[in-house]
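What the coordinates show
Take a look at the letters that make up each chain.
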Amino acid sequence: MKKYFLFIAYVFFLKNERGEMIPFKKYFAQNKDAGNVAHNFYIHFNQHGFMYSDGAEKPEQLRMAGKEMLAMVIKDEPVNQLDFDSLGIYRRYYFLENDELKYRDDLMYEQRIKQ
């Protein structure tokens, strides 16, 4: 069995204030899917010269990126029509530990979206 894993294994997702996962495609424009949101993570880190991989990003770097990513998601969306008041964007980091696949969820940024 191979003893390595991708050096970047991240998934990005949204949760509301009740802790419920919010599917990108159900609530937001089609061009704001998880893949496009993830792309913005890498753009942000590259533009700022931040290193990323293996879950080693600094909390402040994640917060800055999360703020930009969440702003992209809610931009031009009718957020006052949604049945939740706030959104948090999370980064799930997958890694191998003792030949077992594990993960860690990090809240990147959270904000109230309704006026």
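Now for a description of the structure that goes with this document.

Digging into helix α3 (residues 59–74)
In this model α3 runs 22 Å from its N-terminal to its C-terminal C-alpha over 16 residues, within 8% of the 22 Å that 1.5 Å per residue would give. Residues of α3 that are buried include every one of Q61, L62, A65, G66, M69, L70, V73 and I74, and no others. Turning to α3, the residues buried within the fold contact β1 (10–16), α1 (24–27), α2 (34–47), β3 (86–97) and β4 (100–112). Backbone geometry just after α3 places D76 at a positive phi near 60°.

Regarding the environment of H39
You can see H39 is positioned in helix α2. H39 sits in the partly exposed class, given a relative accessible area of 47%. H39 sits 41 residues away from N80 along the chain, and the two C-alpha atoms are 26 Å apart.

Overview of the pairing of β3
The buried fraction of β3 is high, at nine of 12 residues. Pairing analysis gives seven bridges linking β1 to β3, with the strands arranged antiparallel. By the bridge assignment for β3, L14 is matched with I89. Once β3 ends, the chain turns through two residues before running back antiparallel as β4, passing N98 with a positive phi of about 55°.

Let's talk about the side chain of K32
Looking at the secondary structure, you find K32 in the loop between α1 and α2. Taking relative accessible area as the criterion, K32 reaches 8% and is therefore assigned buried. Only 2.4 Å separates the side chain of K32 from the backbone oxygen of K75, close enough to count as a polar contact. Among residues more than four places away in sequence, those in contact with K32 are F24, V37, M72, V73, I74, K75 and E77.

What counts, and at which threshold
- Residues numbered from 1 in each chain as written.
- Predicted model: local features only at pLDDT ≥ 70, side-chain atom pairs only at ≥ 80, totals over all residues.
- Heavy atoms only, no water.
- Helix = DSSP H or I, 4+ residues; strand = E, 2+ residues; numbered from the N terminus.
- Expected span 1.5 Å × (residues − 1).
- Buried < 20%, exposed > 50% of the residue type's maximum accessible area, 1.4 Å probe, protein only.
- Contact = heavy atoms within 4.5 Å.
- Pairing = 2+ DSSP bridges.
- Polar contact = N/O pair within 3.5 Å; in protein donor to acceptor, adjacent residues only side chain to side chain.

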